[in-house]
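Structural features, examined
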Amino acid sequence: MIPEIGHFALIVALFVSVVQAVVPLVGAIRGDRAWMDMARPAALAQFALIATAFGALMSCYVSSDFSVLNVVQNSHTDKPLIYKMSGVWANHEGSMLLWVLILSVYGMAVSVFGGNLPPGLRARALSVQAMIGFGFLLFILLTSNPFTRVDPAPVNGDGLNPLLQDPGLAFHPPFLYLGYVGFSMAFSFAIAALLEGRVDAAWARWVRPWTLVAWCALTLGIAMGSWWAYYTLGWGGWWYWDPVENASLMPWLAGTALLHSSIVVEKRDTLKAWTILLAIVTFSLSLLGTFLVRSGVLTSVHSFAADPARGVFVLALLVVVTGGSLMLFAIRGPALKGGGLFTPLSREGSLLLNNVLMSTASGTVLLGTLYPLFADALDLGKVSVGAPFFNAVFIPLMVPMVVTMAVAPLLSWKRGDLMGALGRLKFAAVAVIAVMVGTWFLGGGSSGPVWAALGLGLAAWLAVGTLFDWAERVRLFRVPFAQSLDKILRLPRSAYGMTVAHLGVAVVIAGITGSSAWTIEKIQVMRPGDTVTVAGYDLTLVGTEDNIPGPNYTTLRAHFSVVRDGRPVTDLYPEKRMFRQPPRPTTDAAIHTNLLGDLYAVIGDADGTGGFVTRLYFNPLVPWIFLGAVVMVIGGLVSLTDRRYRVGAPLRNARAPAKGRA
Amino acid sequence: MMRRWTTFVPFAVFAVLVAFFGWRLVLITRGDAPNLIPSVMIDKPAPGFDLPPLVLDRPGAASDALSGKVTLINFFSSWCIPCRAEHPLLVDMMNRDGVKGRLRLVGIDYKDKPEDGRGWLARLGDPYDALGMDRDGRVGIDFGVYGVPESYLIDRQGRIRYKQVGPFTPEDIQEKLLPLLAELSK
């Protein structure tokens, strides 16, 4: 009964999406307010229906209803409750349902909080949202129904891939989707603006919070996935340039560019066509990711069961959404008149440079990801692309960007004074030299001190430059402290958001540099009682215990005691787990962190004579990568609380001066 | 200011992309999965190569040592995620009854740092009979490697008989590789 309710709710949601797509749009064209306002209740109904369907599937998973094929294929009664729940989106059908659920959440948010939007813009944006929703609902109902029954129902399910039974990965997809789907808001607003033929500062102000929410969620989602790879794949790596990782990185890069170019639209009323194009491209890259993962066009271990029928459908969807919107852009784009002019050496100019570099990086990742496909088609063959390609092209694009990031905030709008800005950054330059020399001496002896010094110097440049920019804004040490304090309190939250997010980037760069330059790895066979020294830590294998029962696995657990300079530091308990259903091993690394580096221990196979293969690492600065990502997200959230972007604020702002004048 | 045709550029780029995707999907529906890219090398003698050993006291990989027994040449790399999914399957396959006696598994660590490759084997187990390192990818070019993992099944006369692009799945091993091994070992 419950699965049928879910299925039925999805069918009704499909019809509601047709109404939401058509009626408000016609209303907007005719200028009929009542028709336009249909969009709001329709969006609410859409959310209620899809939430019902999602709840129904969730209930099937929680109660282990094995008459539902999807539950049989992805669940098992032994699974802990949290992984029964995360099993809902750990498969193709369920994840598509999560996709439309999040889409409907955003639609609802516009409908509830969008009271301040001009009715025409709101109606058109919600209509575009509904068109996207229609496409995906049709996709689910025709090719990927999660509610298909199976008769006779098997006694138990096939279980979930043990690698996915992990807290980091349980919540990785929802955040990733919040990001991907969140960019649909910027997209819908961009299409609505093209239809209306008007893009102005107010438009940018409405779009920015949605882009920020999506960007924060995507940043967090990518960081979670990377963190998961770091501690479960078990060899200290955190990014592999896998097609599916690239699929999430491309919209992130484009979205970051969008975030910055919309500032220019808001503040300077220029770069409009470019911003609209970025909004379209960002969401299209999210869709492209969906297509690549599900069509079987590229091979990747992440990919869901590839099915050409689904591939054809998603490609058709991509053609309609992206092709249609790019055609609309081609026709309507020239009508978007640019506003203020600026010289290349200005804040607009530097933001544009950021955009160019970000887009190029995104395009490079796209090219690298699709290269096997192109090479195959054009009969070029014999060329392979992997981590070496991406590292070789990505880093040179990022270096000038980070260098500019410290300078850009110090440049003024319209026409900046580069020499003045650089002059003010002399402290940052001193810091860079100090860090580079320090790195050179402390890191001496290991293989990569030259570029490690450059990397840390870059991070220092950005961090000090960013802090210096903040100090300049509040006139720290230039005016009496009480005045500065007043400025500190009055500085807009969006300025703080930028400061924090840019500091986060500096922390990430330091983390990436440290982990690539100084990782120490020791692989050996150890017997109980053996001691191995890694980066000054003495790790003694105290013993191992086998066949410890877990909820749906048995585990081999090793006990290491860690001593440094004769004093005990901690105990590490790495595990090697053998899952029952499906029978697959996973490694569970034990990590001790002191924030400057991770001591990372993995237990491997027994050698048959009482010894075990052990892998012990010291990964310097790796926690900074994830910490930095969290700092970036905090920066985004702080910026989101800026009263200019707070939903509802623009209207009050717009009204207040009007009243004042009257 | 913007000239009219420039706004059509994104659309044109997208159209080209779609053409590629569509073409690929057509091939897939015809039964040609991307990991079944036909190789011009099929039924041709395997290219000659002589690679230095990855692990010091073990043999490297050389084409001279290929005859007499069916050989699977497996290109892998420590930076490659699909390889990681494939690796336990290879370990498992080599542990099956009768496989070890009939199949020689040669690993080629492709465009990788040797210490990373050795770490990979220490971590995940070492099912290989011989291991070579192809740091600059030269041997990969001779074989026509698109990316890692890729594997080539070579018969007792040294001819390539089967090419796997992308990781082996349990089904690939069960339904393609092992039957072909049985046939070639007759």
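Computed from a prediction, not measured in an experiment: that's the story for all the values here.

Quick word on the overall build of chain B
A tally of helices and strands in chain B yields six helices and seven strands. Secondary structure of chain B in N-to-C order comes out as α-β-β-β-α-α-β-α-β-α-β-β-α. Counting across all 186 residues of chain B, residues that qualify as buried make up 45%. Across chain B, the fraction of contacts at a sequence separation of at least 24, relative to all contacts at a separation of at least 6, is 76%.

A closer look at the pairing of strand β2 (residues 531-534) of chain A
Residues and elements named next belong to chain A. In this structure, β2 lies alongside strand β3 (residues 537-549), joined through four bridges in antiparallel fashion. Directly across from Val534, in β3, lies its bridge partner Tyr537. Where β2 folds back on β3, the antiparallel hairpin that results is connected by two residues, among which Ala535 adopts a positive phi of roughly 50°.

Overview of the sheet that holds strand β10 (residues 612-620) of chain A
All names here are of chain A. Reading across from one edge, β1-β10-β9-β8 is the order of the four strands in this open sheet, with antiparallel pairing throughout. Taken across any chain shown, the strands that pair with only one partner, and hence form the sheet edges, are β1 (520-526) and β8 (590-593). On average, each strand axis in the sheet is inclined to that of its neighbour by 15°, with strand direction left out of account.

Looking at the pairing of strand β6 (residues 150-154) of chain B
All names here are of chain B. Here β6 lies mainly inside the structure; five of its five residues are buried. Burial along β6 is two-sided: Glu150, Tyr152 and Ile154 facing one way and Ser151 and Leu153 facing the other are all buried. Pairing of β6 with strand β7 (residues 160-165), which is carried by five bridges, proceeds in the antiparallel orientation. Residue pairing across strands places Leu153 opposite Tyr162, the latter belonging to β7. With antiparallel pairing between neighbouring strands as the criterion, β6 and β7 make up a hairpin whose turn holds five residues, including Gly158 at a positive phi of roughly 85°.

Quick word on the sheet that holds strand β4 (residues 103-110) of chain B
Residues and elements named next belong to chain B. Strand order in the open sheet formed by five strands is β5-β4-β3-β6-β7, with mixed pairing between adjacent strands. This sheet does not close on itself; its edge strands, each paired only once, are β5 (130-134) and β7. Ignoring strand direction, the axes of neighbouring strands in this sheet form an average angle of 20°. For strand β3 (residues 70-76) and β4, the ladder comprises seven bridges, and the chain directions are parallel. Its bridge partner being in β4, Asn74 is matched across the sheet by Gly107. Against the sheet, helix α6 (residues 170-184) makes contact with β3, β4, β6 and β7, and its axis sits at roughly 165° relative to β7, the strand it touches most.

Overview of the nonpolar core
Residue and element names in this part refer to chain A. Counting 229 residues, the largest nonpolar core has Val100, Ala186, Phe189, Ala190, Ile276, Ile280 and Leu462 as the members making the most contacts within it. No other element matches the 19 residues that helix α10 (residues 201-232) contributes to this core. Not counting residues within four places of it along the chain, the set of residues in contact with Val100 comprises Ile50, Gly133, Phe136, Leu137 and Ile140. By size, the runner-up hydrophobic cluster in this structure holds 18 residues, among which are Phe560, Leu599, Ile603 and Leu616.

Things to note about the domain arrangement of chain A
All names here are of chain A. The domains assigned to chain A are domain 1 (1-160), domain 2 (163-337 + 351-397) and domain 3 (520-623). The centre of domain 1, based on its C-alpha atoms, is set 43 Å off from the matching centre of domain 3. Of the residues lining the interface, six residues belong to domain 1; the matching set on domain 3 comes to five residues. Taken together, the residues of the side of domain 1 that touches domain 3 break down into one nonpolar, two polar and three charged.

Cut-offs used in this document
Here the residue numbers are simple positions, counted from 1 along each chain's written sequence. The naming scheme follows written order: chains are lettered A onward, ligands numbered 1 onward. The predicted nature of this model means local features are confined to residues of pLDDT at least 70 and side-chain atom pairs, given and counted, to a pLDDT of 80 or more, with totals for whole chains, interfaces and linings taken over all residues. Secondary structure elements are taken from DSSP: a helix is a run of H or I of four residues or more, a strand is a run of E of two residues or more, and numbering for both begins at the N terminus. Put plainly, a residue is buried at 20 or more neighbouring C-beta atoms within 10 Å of its own, exposed at 12 or fewer, and partly exposed in between, counting only other residues' C-beta atoms, which are placed from the backbone. For the purpose of contact definition, each residue receives a C-beta atom placed from its backbone, and two residues are in contact when these atoms lie within 7 Å. When DSSP finds two or more bridges between two strands, those strands count as paired. To get an axis, fit a line to the C-alpha atoms, keeping to the stretch in contact for a helix; angles then go from 0 to 180 degrees between the N-to-C directions. Connectivity within a nonpolar core runs through C-beta atoms within 7 Å, and the core itself is a set of buried Ala, Val, Leu, Ile, Met, Phe, Trp, Tyr and Cys residues. Throughout the structure description, domain borders are defined by an automatic or database domain assignment. Throughout, the ten residues Ala, Val, Leu, Ile, Met, Phe, Trp, Tyr, Cys and Pro are labelled nonpolar, Asp, Glu, Lys and Arg are labelled charged, and all others, Gly among them, are labelled polar.

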